[in-house]
Amino acid sequence: MRNGHLPIFIKTHGQPCLVIGGGDVALRKIRTLLKAQANVSVVAPQLCEGLRELVVQDKIQYLQESFTDDDISDFRLVIAATNDEELNKRISRLAQARNIPVNVVDNPELCTFIMPSVIDRAPVQIAISTGGHSPVLARLLRARLETLIPSSYGRLAKLMGEFREKARQKFPDFHDRRHFWESILQGPVAEMLFSGQEQAARKQLEETFQRETARKPTIGDVALIGCGPGDPDLLTFRALRLMQQADVILYDRLIPERIIDLARKDAERIYVGKKRSQHTLPQEGINELMVRLAKEGKRVVRLKGGDPFIFGRGGEEIETLAAQGVPFQVVPGITAASGCASYAGIPLTHRNYAQSCIFITGHLKDGSIDLDWEALARENQTIVIYMGLLGLRMICEQLIAHGLRHSMPAALIERGTTSEQKILIGNLETLPDLAEKRKITPPTLIIIGEVVTLHQKLNWFHPDQNKSI
Ligand code: SAH
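Throughout, a residue's number is its position along its own chain's written sequence, starting from 1. Given that this is a predicted model, residues contribute local features only at a pLDDT of at least 70 and side-chain atom pairs are listed and counted only at 80 or more, while totals for whole chains, interfaces and linings are drawn from all residues. By convention in this description, side-chain values take in all heavy atoms of the structure and omit both hydrogens and water.

### Points about the overall build of the protein
Thinking step 1. A run of H or I in DSSP becomes a helix once it reaches four residues, and a run of E becomes a strand once it reaches two; helices and strands are each numbered from the N terminus. The helix and strand tally for the protein stands at 18 helices and 19 strands.
Thinking step 2. The reference for a compact globule is 2.2 Å times residues^0.38; the radius of gyration itself is calculated from the C-alpha atoms. Its C-alpha atoms give the protein a radius of gyration of 30 Å, more than 25% over the compact-globule value 23 Å for 469 residues.
Thinking step 3. Relative accessible area decides the class of each residue, using a 1.4 Å probe on protein chains only: under 20% of the type maximum gives buried, over 50% gives exposed, and in between gives partly exposed. The proportion of buried residues among the 469 residues of the protein is 43%.
Thinking step 4. Computed with a 1.4 Å probe, the accessible areas rest on the Shrake-Rupley method; for each residue, only the protein chains presented here act as cover. Total accessible area on the protein stands at roughly 26000 Å², and carbon and sulfur atoms take up 51% of it.
Thinking step 5. Asp and Glu count as negative and Lys and Arg as positive, but His and the ends of the chain are not part of the count. By convention, charge coordinates are those of NZ in Lys, CZ in Arg, CG in Asp, or CD in Glu. Positive and negative side-chain charges in the protein, numbering 59 and 55 respectively, have mean positions lying 3 Å apart.

And the structure:
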């Protein structure tokens, strides 16, 4: 979802800022501005005690009691915190006419900027906004993050800042510099600082500078990462970490934009997707591309839907890498069967209904599906079919022909785990017709077996169409 607000940090150091209003709300805003080292003036008929104190301490200027139109001309930023709606509107209009950023407390309509909830680990600042929808939610999120992010991150950033120029000179190449900082931030220097040994950390950093020379790694590496079936929350920690260190990201059609957005912002992104029988890059091309990029010294991440080793051609992709001596690793992901089954409330195995589960591909080759029907048409077994929509009718007919009853429950899950998830429930006889009658958007997964009946009882995921998860 796009939200129409660009998060930016405005330089306020020494800048004249005006607050209109003399109550507690104004006081809170003024404290925020003072923390940001702004030069604050206030206009209000009366000042609350906190504000009076700030005036006495000479931390803010008290201009006058009532607001006049000319008051705002000399300011870089205006905040209206009065309870006079007409006055708030007037201030907003005047500021906008002069292109001065204006915030009217609790009235997003009148604002040209909104103020986020801030986690302050100066110089590190994390700002949270809900686009004005729920300041309370922003505050709750802030409370969570406050406990997660140690205060020492501020000290770490300061220390890095001291060495920034030096690093620029020592490692003129951007990649070298990034590798250097990454090794510092994930190594003993950071650990020393977190444990309160600031002097030791500085000394260690100095020494590391003396030792390190700008040497480019001769060869990069490739991570084949399973991204799960769609919900970004289903990524593994390792997947996320590698995505944030990558120089190049290769992705295809099954990877949602929200997952790609989690990768390092300045990583190069290459689409290597293919639609059914319309290959953008043939498989050989992708493999060679990965080898070339890694040999250029890049850290390559290849994002795969679900799990790379389940109907994902992961094996083929790394064969080339292995043959060419390119270091690689495979990060498992949640395969569509697990993700869709969980989010549809259909356990794939169950003591009473299924003691085994079998994953098959329903992909047609020359118009027919070549499967071991005898082995599939068994009781007490769950069948999960990947890429099975086109062959659905044929699969159901074959299973019936080989002995499964017509009424064997079957489910079709469309875009499982995402906010667009839809589920069709039927049986071997009815499902093909049900699917044909509806417009179905891929990807879809089919589950056949007694366990499907549990959906009615166990369904827990009800995505709201208006929201993305
Ligand atoms: N490696 C992947 C599978 C790739 S084959 C994995 O482990 O999941 C692509 C097929 O996976 C699709 O045709 C569809 O059958 C299934 N699939 C992937 N994501 C899905 C989703 N979100 N919902 C339903 N089916 C999905």
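We are not done yet, so read on.
### Observations concerning the domain arrangement of the protein
Interface size is often expressed as the accessible area that is lost when the parts come together.
Thinking step 1. The domains assigned to the protein are domain 1 (16–115), domain 2 (152–211), domain 3 (221–334) and domain 4 (337–458).
Thinking step 2. An automatic or database domain assignment provides the domain bounds reported here. A C-alpha centroid distance of 28 Å is found between domain 3 and domain 4.
Thinking step 3. What counts as buried area is the accessible surface, traced by a 1.4 Å probe, that two parts surrender upon association, with contributions from both included. Buried surface at the junction of domain 3 and domain 4, summed over both partners, amounts to about 900 Å²; 72% is from carbon and sulfur atoms.
Thinking step 4. What counts as a salt bridge is simple: a side-chain nitrogen of Lys or Arg found within 4 Å of a carboxyl oxygen of Asp or Glu. Linking domain 3 with domain 4 are 0 salt bridges, by the criterion used here.
Thinking step 5. We define a polar contact as two N or O atoms separated by no more than 3.5 Å, with the added condition that, inside protein, one atom must be a possible hydrogen donor and the other a possible acceptor, whereas residues neighbouring each other in sequence contribute only through side-chain atom pairs. On the surface where domain 3 and domain 4 come into contact, there are 2 residue pairs in polar contact (both at pLDDT 80 or more).
Thinking step 6. The class makeup of the residues in the side of domain 3 that touches domain 4 is 6 nonpolar, 1 polar and 2 charged. Three residue categories are used. Nonpolar comprises Ala, Val, Leu, Ile, Met, Phe, Trp, Tyr, Cys and Pro, charged comprises Asp, Glu, Lys and Arg, and polar comprises the others, including Gly.

### Quick word on the site of the ligand
Thinking step 1. Whether a residue is near a molecule or strand is decided by its heavy atoms; if any one of them lies within 4 Å of it, the residue is near. Around the ligand sit 19 residues, and of these Pro229, Asp307, Ile310, Thr335 and Thr444 come closest.
Thinking step 2. Between Ile310 and the ligand, the recorded distance is 2.6 Å, taken from a backbone N or O atom to a nitrogen atom.
Thinking step 3. Within the side chain of Thr335, one N or O atom sits 2.6 Å away from an oxygen atom of the ligand.
Thinking step 4. Contact with the protein chains covers 92% of the free accessible surface of the ligand, which is 540 Å².
Thinking step 5. Looking at the shell around the ligand, the elements with two or more residues in it are helix 14 (336–343) and strand 19 (444–448).
Thinking step 6. Lining the shell around the ligand are residues from two domains, each supplying at least three of them: domain 3 (221–334) and domain 4 (337–458).

### Thoughts on the packing of aromatic side chains
Thinking step 1. Stacked, tilted and edge-to-face pairs are distinguished by plane angle, under 30 degrees for stacked and over 60 for edge-to-face with tilted covering the rest, among Phe, Tyr and Trp rings (Trp via its six-membered ring) whose centres lie within 6.5 Å. Inspection of the entire model under this criterion finds 12 aromatic pairs.
Thinking step 2. Site record: aromatic cluster; members linked through ring pairs are Phe163, Phe171, Phe180, Trp181 and Phe209.
Thinking step 3. Positioned above the aromatic ring of Phe209, the side-chain terminus of Lys166 is 5.8 Å from the ring centre. Lysine and arginine charges are scored as sitting over a ring when NZ or CZ, respectively, is within 6 Å of the ring centre and within 35 degrees of the ring normal.

### Concerning the packing of helix 1 (residues 24–35) against helix 2 (residues 49–56)
Think of two packed helices as two axes; the pair is described by the angle between the axes and how far apart they sit.
Thinking step 1. In this analysis an axis means a line fitted to C-alpha atoms, helices contributing only their contacting stretch, and an angle means the value between N-to-C directions, from 0 to 180 degrees. Remark: helix 1 packs on helix 2, axes separated minimally by 9 Å, with the N-to-C direction vectors making an angle of 35°. Crossing hand, helix 1 versus helix 2: left-handed. When helix 1 is examined against helix 2, the residues Ala26, Leu27, Ile30 and Leu34 are found in contact with a partner set consisting of Gly50, Leu51 and Leu54.
Thinking step 2. In the contact of helix 1 with helix 2, the residues fall into 6 nonpolar, 1 polar and no charged. Should the near helix be turned anticlockwise from the far one by less than a right angle, the crossing is termed left-handed; should it be turned clockwise, right-handed. Any two residues having at least one pair of non-hydrogen atoms within 4.5 Å are treated as being in contact.

### A few points about the sheet that holds strand 4 (residues 77–80)
Each strand in a sheet pairs with its neighbour through backbone hydrogen bonds, running either in the same direction (parallel) or in the opposite one (antiparallel).
Thinking step 1. Paired strands, in this sense, are two strands between which DSSP finds at least two bridges. Here we have 5 strands laid out as an open sheet, ordered 3-2-1-4-5, and parallel in their pairing. Strands with a single pairing partner mark the edges of an open sheet, and in this sheet they are strand 3 (61–64) and strand 5 (102–104). On average, each strand axis in the sheet is inclined to that of its neighbour by 20°, with strand direction left out of account.
Thinking step 2. As paired strands, strand 1 (residues 16–20) and strand 2 (residues 39–43) are joined by 5 bridges and run parallel to one another. Counterpart to Val19 in the pairing with strand 2 is Val42.

### Section: the nonpolar core
Thinking step 1. What is meant by a nonpolar core is a set of buried Ala, Val, Leu, Ile, Met, Phe, Trp, Tyr and Cys residues, joined one to another through side-chain atoms within 4.5 Å. Ranked by size, the top nonpolar core spans 22 residues in total, and within it Leu399, Leu412 and Ile448 carry the most contacts.
Thinking step 2. Looking at this core, the elements that each hand over two or more residues are helix 15 (373–376), strand 16 (381–386), helix 16 (392–401), strand 17 (409–414), helix 17 (431–437) and strand 19.
Thinking step 3. Among the elements that line this core, the one with the most residues is helix 16, at 4 residues.
Thinking step 4. With sequence-adjacent residues up to four places away left out, Leu399 is seen in contact with Trp373, Leu376, Ala377, Ile383, Leu404, Leu428 and Ile448.
Thinking step 5. Formed by 20 residues, the second largest nonpolar core is a distinct cluster that contains Ile30, Leu77, Ala81 and Phe113.

### Looking at the pattern of salt bridges
Thinking step 1. One pass over the structure, following the stated rule, counts 26 salt bridges.
Thinking step 2. In this structure, Lys203 and Glu207 form a salt bridge, with 3.9 Å as the shortest nitrogen-oxygen distance. One end of the pair, Lys203, and the other, Glu207, are both in helix 9 (residues 198–211), 4 residues apart, so they sit about a helical turn from each other.
Thinking step 3. Judged by relative accessible area, which is 38%, Glu207 ranks as partly exposed.
Thinking step 4. Each of Arg178, Glu182, Asp247, Arg264 and Asp266 takes part in a single network of salt bridges with overlapping partners.

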